[in-house]
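Chains, contacts and geometry: an overview
If you want the building blocks of each chain, they are given just below.
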2 protein chains.
Amino acid sequence: MATLADVAREAGVSKATASRALTRPDMVAAATRERVTAAAGRLGFHANRSARALTTGRTGMVGLVVPTLANPFFAPLVLGAQRAAEEADAHVLLSVSEYDPGREAALTDRLGEQADGVVMVAPVGSDAELRERARRSPVVLVDRRVGRLPAVVLDTAAGAAEMVGHLLELGHRRLAYVAGPPGSWADEGRRAAMTERVAAAGARLTVLGPVTPTFDTGIATAAEVPHEVTAVLAFNSLVTLGLLHGLRAAGRRVPEDVSVAAGDDLTALGATDPAVTALEVPVEEAGAVAVQRLLELCAGAAGRSTTLTTRTVLRASTAAPRRA
Amino acid sequence: MATLADVAREAGVSKATASRALTRPDMVAAATRERVTAAAGRLGFHANRSARALTTGRTGMVGLVVPTLANPFFAPLVLGAQRAAEEADAHVLLSVSEYDPGREAALTDRLGEQADGVVMVAPVGSDAELRERARRSPVVLVDRRVGRLPAVVLDTAAGAAEMVGHLLELGHRRLAYVAGPPGSWADEGRRAAMTERVAAAGARLTVLGPVTPTFDTGIATAAEVPHEVTAVLAFNSLVTLGLLHGLRAAGRRVPEDVSVAAGDDLTALGATDPAVTALEVPVEEAGAVAVQRLLELCAGAAGRSTTLTTRTVLRASTAAPRRA
DNA sequence: ATGAAAGCGCTAACAA
DNA sequence: TTGTTAGCGCTTTCAT
């Protein structure tokens with residue numbers, strides 16, 4: 001491994017100059033810069049991250065704590081985070097908390113030691129816990145808001161309300177919502193927004209669940225959809241898929257007997273039969289933005305939050321209810 | 001942040017002794033060790049990883065390159081890797097290559113610089129590429145074998161053959177296999193093993209695909225299952241789910257008209273209706289073992305490979321064919 | 001069994 | 001603009 005000293009020698013300058021030429025090009029004469037860059041190239045030089053970290057106090061690594069990877073929400077999230085990190089020449093340190101607040105705390109601390117900061121997707125831990133973490137190292141929350149901590153939020157509450165609006169416009173009066181994970185911050189927001197919207201329209205919303213949003217709970221929940229309900233919105237695409245399966249098994253046609261819509265678009269919902277109306281949620285962007293915010297935060301910027309909006313994608317699974 | 005010097009002072013010993021007490025307890029008198037440990041505890045001391053890495057040349061980080069996270073195979077894989085790393089007080093640096101050999105190469109190099117070694121799940125890159133990577137830094141391959149490079153392999157070929165054996169015993173003579181990702185090493189192995197087994201029994205195997213194994217391609221492929229076929233095995237649980245959906249939509253009952261089995265058990269297949277017979281694949285273990293092997297490799301051990309076996313789980317989706 | 005001292009590769013004052 | 005020098009926090013000879 002070539003070291004900075006090698007590069008400096010090869011270029012006929014001091015280590016300091018070589019360092020500057022490589023990390024702060026504008027502090028060095030153009031000619032020198034060129035000689036150094038050339039030398040570095042020739043030697044295949046890559047600065048030793050550990051050494052740099054030791055002097056600067058910055059590791060160039062961002063921690064990412066997610067509750068699970070078994071939920072399709074996290075694939076694009078992690079991808080976005082990694083891309084943003086790559087862009088900034090940083091690396092992603094991943095930990096899976098398995099929805100265990102204790103593990104989450106421990107892992108975050110472990111990561112915090114090693115990373116410049118951590119992006120947390122913490123749907124279950126307590127506010128106090130999160131505040132405490134944020135005091136120890138820079139933290140950016142995803143899909144959750146805790147006081148004034150910097151967060152990247154997917155406004156699925158507004159999206160869900162918009163979706164409900166669409167269903168109401170179609171003429172539905174009896175709606176159902178298959179609620180998401182018990183205790184989920186995102187779920188509560190959606191529920192509140194939908195309830196309000198439905199009430200304002202003088203219609204009725206039945207809340208089913210909450211259930212852990214998986215394919216099988218979707219199937220199971222299908223049996224609980226009241227017969228007078230003509231439109232169902234489900235927490236995410238997984239439950240929705242199950243719901244579709246279950247509804248059909250019970251002999252209820254979609255959308256003739258009941259309209260179905262999904263709270264996210266994470267499992268190709270455009271290819272099912274019928275194609276499912278869904279909320280398009282910019283999850284990859286959320287991951288990317290979270291990392292960018294975190295990096296800004298580490299660079300001394302003030303923490304700021306971002307709200308990302310969703311888009312309603314209408315497909316064949318929603319239609320006007322049959323006249324009673 | 002408390003430093004080693006602080007601990008040493010607090011314990012009334014030299015930095016060297018403090019270091020030894022913490023990292024090589026047996027090189028130090030029991031009493032001293034205790035005083036140091038106590039002092040470290042009191043001060044909440046955690047060795048600075050960068051400093052340690054600088055002196056030892058080991059970062060305590062393992063790279064993990066996966067092609068995607070959108071496939072349920074990778075959730076347990078990553079989880080296992082992370083757990084094993086945690087166990088060894090190491091961290092996981094994750095990169096997603098998106099099935100792009102170029103990106104895979106670039107990311108691996110980037111990781112290799114920073115990590116002590118990398119675990120690669122590289123279903124698509126060329127053998128030569130992988131050999132080249134392995135020369136630059138310790139590498140452990142997952143679910144792929146390249147020459148004598150250390151690898152952790154899931155023996156799904158044997159598993160698939162066993163599954164076929166089960167179907168043959170039930171009396172099926174016309175089988176179909178929905179093949180996995182084009183160019184997949186694992187898929188080719190399974191195909192060969194199954195073909196051999198079927199031929200030996202004098203039965204026939206139709207290969208459908210290969211297709212990218214998703215829910216929708218499963219649905220689409222259902223239409224291509226020949227009518228005389230009485231048993232279908234699909235590459236993974238995702239396609240299988242789609243297949244089930246598609247078969248039913250086409251009016252073919254499972255298992256009465258056609259038996260269905262899955263090449264893995266990564267999406268709760270026990271809760272569908274009917275519950276699906278599947279190969280149980282120890283993916284989490286594969287991730288864990290890969291990291292352990294890598295760490296051993298970094299510690300100077302010889303590279304060795306491991307084969308993990310699968311288990312056939314019989315459920316309601318497979319039955320004897322109806323008499324023609 | 002312990003301590004003193006050197007040094008890993010880099011950056012950052014401070015001088016020139 | 002460039003060079004000199006002094007560490008960052010740790011491990012590790014080499015003495016003792």
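Numbers given to residues run from 1 along each chain, matching the order in which its sequence is written. Throughout, the order in which chains and ligands are written sets their labels, letters from A for the former and numbers from 1 for the latter. Local features in this predicted model are restricted to residues of pLDDT 70 or higher, and side-chain atom pairs are both shown and tallied only at a pLDDT of 80 or more, whereas totals for entire chains, interfaces and linings draw on every residue. The basis for every side-chain value is the complete set of non-hydrogen atoms in the structure, without hydrogens or water.

1. Remarks on the packing of aromatic side chains
Residues and elements named next belong to chain A. Pairing of aromatic side chains requires ring centres within 6.5 Å, counting the rings of Phe and Tyr and the six-membered ring of Trp. Pairs whose planes differ by under 30 degrees are stacked, by over 60 edge-to-face, and all others tilted. Across all of its chains, the model carries two aromatic pairs over all chains by this definition. Consider the rings of phenylalanine 73 and phenylalanine 74, whose centres lie 5.0 Å apart with planes at 80°: the pair is edge-to-face. With respect to burial, phenylalanine 73 and phenylalanine 74 carry one shared label: buried. Type-normalised accessible area, obtained with a 1.4 Å probe on protein chains alone, sets the label of each residue: buried when under 20%, exposed when over 50%, and partly exposed for intermediate values.

2. Some details on the pattern of salt bridges
Side-chain pairs of opposite charge can arise where the charged atoms are in close proximity. By salt bridge we mean one thing: a side-chain nitrogen of Lys or Arg within 4 Å of a carboxyl oxygen of Asp or Glu. Across all of its chains, the model carries 46 salt bridges over all chains by this definition. Of the charged contacts in the structure, one is a salt bridge between A:Arg315 and A:Asp265, with a shortest N-O distance of 3.1 Å. Here A:Arg315 is found in the segment after strand 12 (311-313), whereas its partner A:Asp265 is found in the loop between strand 9 (259-262) and strand 10 (277-280), with 50 residues between them in sequence. Owing to a relative accessible area of 23%, A:Asp265 belongs among the partly exposed residues under this scheme. Between B:Arg58 and B:Asp116 there is a salt bridge, and its shortest N-O distance comes to 3.7 Å. On the criterion of sequence distance, the pair formed by B:Arg58 in the loop between helix 4 (49-56) and strand 1 (61-66) and B:Asp116 in the loop between helix 6 (101-114) and strand 3 (117-120) is long-range, its members being 58 residues apart. A relative accessible area of 11% means that B:Asp116 is categorised as buried. Residues joined in a network through salt bridges with shared partners are A:Asp109, A:Glu129, A:Glu132, A:Arg133, A:Arg135 and A:Arg136. Helical segments are the DSSP runs of H or I of at least four residues, strand segments are the runs of E of at least two, and each set is numbered from the N terminus.

3. With respect to the protein's contact with DNA strand C
The local shell around DNA strand C holds 27 residues, among which A:Leu4, A:Lys15, A:Ser19, B:Arg20 and B:Thr32 are the closest. Throughout, near means a residue has at least one heavy atom within 4 Å of the molecule or strand. Looking at DNA strand C alone, sugar and phosphate atoms form 62% of those within 4 Å of the protein. For the surface near DNA strand C, the elements supplying multiple residues, two or more each, are helix 2 (15-23) and helix 4 (49-56) of chain A together with helix 2 (15-23) and helix 4 of chain B. Class assignment of the residues belonging to the surface near DNA strand C gives a composition of 12 nonpolar, 10 polar and five charged. Classification convention: Asp, Glu, Lys, Arg as charged; Ala, Val, Leu, Ile, Met, Phe, Trp, Tyr, Cys, Pro as nonpolar; all other residues, Gly among them, as polar.

4. With respect to the interface of chain A and chain B
Contacts are assigned to residue pairs that have any heavy atoms within 4.5 Å of one another. Between chain A and chain B, the residue contacts involve 42 residues of the former and 42 residues of the latter. Using a 1.4 Å probe, buried area is obtained as the accessible area two parts lose upon being combined, added over both of them. Summed over both partners, the interface of chain A with chain B buries about 3900 Å², with 57% contributed by carbon and sulfur atoms. For the interface between chain A and chain B, the tally reads six salt bridges. As used in this structure description, the phrase polar contact means that two N or O atoms lie within 3.5 Å; if the pair is within protein, one of them must be able to donate a hydrogen and the other to accept it, and residues adjacent in sequence are counted only when both atoms belong to side chains. Connecting chain A to chain B are 13 residue pairs in polar contact (both at pLDDT 80 or more). Sorting the residues of the side of chain A that touches chain B by element identifies helix 4, helix 5 (74-87), strand 2 (91-96), helix 6 (101-114), helix 10 (215-222) and helix 11 (237-249) of chain A as the ones contributing at least two each. Here the residues of the side of chain A that touches chain B are counted per class, giving 21 nonpolar, 10 polar and 11 charged.

5. Comments concerning the relation of the copies chain A and chain B
The fit set for superposing copies consists of C-alpha atoms from residues with pLDDT of at least 70 in both; the fit itself is least squares. Placing chain A over chain B gives an RMSD of 0.2 Å and needs a rotation angle of 180°, together with 0.0 Å of translation along the axis. Both copies of the chain, as the preceding transformation shows, are related through a two-fold rotation axis. Same-surface contact between copies: 100% of interface residues of chain A are shared with the interface of chain B.

6. Let's talk about the protein's contact with DNA strand D
Around DNA strand D sit 26 residues, and of these A:Thr17, A:Arg20, A:Thr32, B:Leu4 and B:Lys15 come closest. Per the 4 Å cut-off to the protein, sugar and phosphate atoms form 57% of the nearby atoms of DNA strand D. Side-chain polar atom of A:Arg20 to a base oxygen of DNA strand D: 2.4 Å apart, as the coordinates give it. Elements supplying a minimum of two residues to the surface near DNA strand D: helix 2 and helix 4 of chain A together with helix 2 and helix 4 of chain B. With five residues, helix 2 of chain B is the largest single contributor of residues to the surface near DNA strand D. A class-by-class count of the residues in the surface near DNA strand D yields 11 nonpolar, 10 polar and five charged.

7. Here's the deal with the domain arrangement of chain A
In terms of domains, chain A is made up of domain 1 (4-56), domain 2 (61-154 + 283-309) and domain 3 (156-281). Residue ranges assigned to each domain were obtained from an automatic or database domain assignment. On a C-alpha basis, the centroid separation for the pair domain 1 of chain A and domain 3 of chain A is 58 Å.

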